[in-house]
Amino acid sequence: FMITLTQTLVGGFAMLFAPDLIFYNILQFITAMGQVGLFQTCFVLGVELVGPDYRVFCGVVIEFFFVAGELILAVLAWRFRDWETMTLAYMIPSLSFLFLYFVIPRSVRWLLAKRRFLEAEAELQKVAKYNKVPPLTSHDFNKYVKEAETEVRESFVDLVKRPKLVARLLIMFLCWTVVAMVYYGLSLAASNLGGDVFVNFTLLSATEFPGYAISYFGMQYWGRKSTMIASLLVSGLACLVSGFLPASLSGLHTFLFLTGKFGVTAAFATVYLYTSELFPTSVRNLCIGLSSTVGRIGAMLAPYIKNLGADKHEDWIPLTIFGTAGIISGLTVFLLMETKGKPLPRTLDEAEAQETQTSREENH
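Residues numbered from 1 in each chain as written. Predicted model: local features only at pLDDT ≥ 70, side-chain atom pairs only at ≥ 80, totals over all residues. Heavy atoms only, no water.

### Some details on the side chain of Glu63
The condition is simple: Starting at the N terminus, helices and strands are each numbered in turn, a helix being any DSSP run of H or I of at least four residues and a strand any DSSP run of E of at least two. Partly exposed describes any residue whose relative accessible area lies between the buried limit of under 20% and the exposed limit of over 50%, with all areas from a 1.4 Å probe on protein chains only and scaled to the type maximum. We score Asp and Glu as negative and Lys and Arg as positive, and we do not count His or the chain ends. Salt bridge criterion: a side-chain nitrogen from Lys or Arg within 4 Å of a carboxyl oxygen from Asp or Glu. Any two residues whose heavy atoms approach within 4.5 Å at even a single point are treated as in contact.
Looking at where Glu63 falls in the secondary structure, it is placed in helix α3 (residues 52–79). For Glu63, which is buried and forms no salt bridge, the nearest opposite charge comes from Arg296, at a distance of 9.6 Å. Not counting chain neighbours up to four residues away, the residues in contact with Glu63 comprise Phe39, Tyr212, Phe268, Ala269 and Tyr272.

### Regarding the pattern of salt bridges
Per the counting criterion, the structure on display carries 5 salt bridges. Residues Arg162 and Glu352 are paired through a salt bridge, measuring 2.8 Å at the closest nitrogen-oxygen approach. Taken together, the residues Arg162 in the loop between α8 (156–159) and α9 (163–188) and Glu352 in helix α16 (residues 348–363) connect sequence positions 190 residues apart. Note that Glu350 and Arg346 form a salt bridge whose closest N and O atoms lie 3.5 Å from each other. Given a relative accessible area of 31%, Arg346 falls into the partly exposed group. Within this structure, Arg162, Asp349 and Glu352 form a network of salt bridges that share partners.

### A closer look at the state of the cysteines
Defined as follows: Cysteine sulfur atoms that pair up within 2.5 Å are treated as a disulfide.
According to the stated counting rule, one finds 0 disulfides in the structure shown. The thiol of Cys175 is not disulfide-bonded; the next cysteine sulfur, from Cys287, is found 14 Å away. When its relative accessible area of 1% is taken as the criterion, Cys175 is described as buried.

### Details of the side chain of Thr31
Note the cut-off: Here a polar contact means two N or O atoms within 3.5 Å. Within protein one must be a hydrogen donor candidate and the other an acceptor candidate, and residues neighboring in sequence count only if both atoms are side-chain atoms.
Within the secondary structure layout, Thr31 lies in helix α2 (residues 21–48). There is a polar contact of 3.1 Å between the side chain of Thr31 and the backbone nitrogen of Gly12. In this view, Thr31 contacts Thr8, Gly11, Gly12 and Met15; residues no more than four positions away in its chain are not counted.

### Details of helix α11 (residues 208–221)
Inclusion rule: One fewer than the residue count of a helix, multiplied by 1.5 Å, yields its expected span. It is the directions from the helix axis to the C-beta atoms that the arc portrays.
Compared with the 20 Å implied by 1.5 Å per residue over 14 residues, the 20 Å span of α11 between its first and last C-alpha is a close match. Every buried residue of α11 is listed here: Glu208, Gly211, Tyr212, Ser215, Gly218 and Met219. For α11, the angular spread of buried residues about the axis comes to 125 degrees, placing them on one side. Of the surrounding elements, those touching the buried residues of α11 are α3, α9, α10 (197–206), α12 (224–243) and α13 (250–278). Count one or two residues on from α11 and you reach Gly223, which has phi positive near 125 degrees.

Note that every value here comes from positions in space, so none of it alone points to a role or purpose.
In structure tokens form, the structure reads like this:
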């Protein structure tokens, strides 16, 4: 957390002193790397600190603050038209996050996986005191210690030796790539809607609130797998149909465009939690990081796809690509297991065993 936060802050403030555009872009890249790592670290930490009953809430509530940041950014961009003042406007308040180091607890799951038992016990006692519940007894804690001591240390190398988990990871790579491509592609396409660019960006950002809300209720009551499939298919179909509408139906085109953004927003929230539940504690942060990194390929392709056919006003080309990709990725999710109501796996064996158990339950 502190490493990525420091990288974000140092890179962000250093941009103000960039001598030229090339150096500015390099610092932007460094800042973005830190920000992405910071978001993922906060997400994983939030999910690992709570039990199954609150996992969906903690996994989705972070996305609402993400949208709030987008809306604040729109206001800052509208108010401060020069980049230096705008950079200061959002970087200075970010310094307050340094104090979170003294507030945020460490992941007990991670400490146990790393066999740092005394530190894990100290964290649990702090949590018990804060929540005003009876502290953990030595007998209770020793039970977890014995379980952790019998576990084999695992790494990504161990994961790639298991075909089922590799296939699971590749499917998530595809989903992350498509979600990032469609999400950022539609966000960038706001400039094509006509009207004020600040208003368009604000409206597109605001549509993410119901998208995240649907994701929350879907995962909570329907399941992660079903929510992921539905959100990708809705987004894909909306983009595909919108691309072939005649220009005279501009109102319906805008409606379907926003529906596509709505669907991919729900997928954006779902893919984070779904990925964290598909992989065990030993490699969870790594798998989310790898998935997000691969997903950035889609984000990098988004502006180029968005501009395809722009010189000939053929807007159907990018929408067709976004729609087709969304439908294909949604169909691949049928090959994954449902994780709703299941404990977070700690080891690769547990992750594979859960899939076998889920298959038996579905067959019965």
